[in-house]
Amino acid sequence: MGEADDIGLRAAAQSLSNKVDAALSADLSDADRRWALSGPGVNAAVAEAARGFHFLPVLRSAIARRQKLRLSLSASASPPSERIVRPLRIDYWGRIWSLQCWCETTGGMEQLRTDHIDSVNVLPQLFTPPPQ
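Residues numbered from 1 in each chain as written. Predicted model: local features only at pLDDT ≥ 70, side-chain atom pairs only at ≥ 80, totals over all residues. Heavy atoms only, no water.

Asks: Any chance you could explain the pattern of salt bridges here in plain terms?
Replies: Charged atoms that come close allow side chains of opposite charge to pair. Inspection of the entire model under this criterion finds six salt bridges. Between Arg-83 and Glu-110 there is a salt bridge, with the nearest N and O atoms lying 2.4 Å from each other. Linking Arg-83 in strand S2 (residues 82-92) with Glu-110 in strand S4 (residues 108-113), this pair joins segments that are 27 residues apart in sequence. When its relative accessible area of 17% is taken as the criterion, Glu-110 is described as buried. What you see here is one network of salt bridges that share partners, running through Lys-68, Arg-86 and Glu-104. (Salt bridge = Lys/Arg side-chain N within 4 Å of Asp/Glu carboxyl O. Helix = DSSP H or I, 4+ residues; strand = E, 2+ residues; numbered from the N terminus. Buried < 20%, exposed > 50% of the residue type's maximum accessible area, 1.4 Å probe, protein only.)

Asks: I keep staring at the packing of aromatic side chains and nothing clicks. Help me out?
Replies: The description of an aromatic ring pair uses the distance of the two centres, along with the angle that the planes make with each other. Per the counting criterion, the structure on display carries two aromatic pairs. Taking 6.3 Å as the distance between ring centres and 70 degrees as the angle between the ring planes, the aromatic pair formed by Phe-53 and Trp-97 counts as edge-to-face. Here Phe-53, found in helix H3 (residues 40-53), pairs with Trp-97, found in strand S3 (residues 97-103); they are 44 residues apart in sequence, far enough to count as distant. A relative accessible area of 11% places Trp-97 in the buried class. (Phe/Tyr/Trp six-rings, centres within 6.5 Å; stacked < 30°, edge-to-face > 60°.)

Asks: I tried to follow the environment of Phe-53 on my own but got confused; where do I start?
Replies: With a relative accessible area of 17%, Phe-53 lands in the buried category. Between the C-alpha atoms of Phe-53 and Asp-115, which are 62 residues apart in sequence, the distance is 7.6 Å.

Asks: What is the right way to read the nonpolar core from this model?
Replies: A general feature of soluble globular proteins is that nonpolar side chains tend to end up buried together. Of all hydrophobic cores here, the largest spans 19 residues; its most connected members are Leu-59 and Leu-71. If sequence neighbours within four positions are ignored, Leu-71 has contacts with Ser-81, Glu-82, Arg-83, Val-85, Leu-99, Leu-112, Ile-117, Ser-119 and Val-120. (Core = buried A, V, L, I, M, F, W, Y, C linked by side-chain atoms within 4.5 Å. Contact = heavy atoms within 4.5 Å.)

Asks: Sorry if this is basic, but what is going on with the sheet that holds S2 here?
Replies: Backbone hydrogen bonds are what pair the strands of a sheet, in a parallel or an antiparallel way. What the five strands build is an open sheet, ordered S4-S3-S2-S1-S5; its pairing is antiparallel. Looking at which strands have only one partner, the edges of the open sheet turn out to be S4 and strand S5 (117-126). Averaged over all pairs of adjacent strands, the angle between their axes in this sheet comes to 45 degrees, without regard to strand direction. Where strand S1 (residues 67-73) lies against S2, four bridges are found, and the strand directions are antiparallel. Note on S2: the bridge partner recorded for Leu-71 is Arg-83. Packed on one face of the sheet, helix H4 (residues 56-65) meets S1, S2, S3 and S5 and runs near 95 degrees to S2. (Pairing = 2+ DSSP bridges. Axes fitted to C-alpha atoms, helices over the stretch in contact; angles between N-to-C directions.)

Asks: Teacher, can you tell me more about unusual backbone geometry here?
Replies: Leaving glycine out, the prevailing phi sign among residues is negative, and the prevailing peptide bond configuration is trans. Positive phi is not limited to glycine here, since Arg-66 has a value of about 60 degrees. Tracing the backbone shows Arg-66 in the loop between H4 and S1. On the accessibility criterion, Arg-66 (30% relative accessible area) is partly exposed.

Asks: Help me understand the side chain of Asp-115, please; the structure alone is not making it clear to me.
Replies: Following the sequence through the fold, Asp-115 ends up in the loop between S4 and S5. Taking the relative accessible area as the measure of exposure, Asp-115 reaches 4% and is therefore buried. For Asp-115, the side chain forms a polar contact with the side chain of Arg-113, separated by 2.7 Å. (Polar contact = N/O pair within 3.5 Å; in protein donor to acceptor, adjacent residues only side chain to side chain.)

Asks: What's the story with the side chain of Gln-100 in this structure? I'm lost.
Replies: As for its position among the elements, Gln-100 is in strand S3. For Gln-100, the residues in contact, after removing those within four places along its chain, are Arg-86, Pro-87, Leu-88, Arg-89, Asp-91, Met-109, Glu-110 and Gln-111.

Structure, rendered in structure tokens:
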């Protein structure tokens, strides 16, 4: 998140990182180093998580402004498609960000992984939030 396009999100991530660094010991023993993350799957997981950051500023803005979105979902989505959605909330699931939305295309609530979004177009139509 420290590399997010969203200034507020980046500042919050940097603040959290500074607090964690301050709490950790600067001197790692060899035993501590064995627990470090490594391997081919780690780089792929980090890249996947970073892909999910890309559209967060646009999604957050659309939620705040109650603007509809046209999303193009990648081949890794099931099934890949284009959807018109009413964005309601963004959730974080440990490396995975998701958009909770009402999908006008399918006529139901959806939870879409942000790393499966290929493109986002903000539409001029506004929507009212669903009743609580």
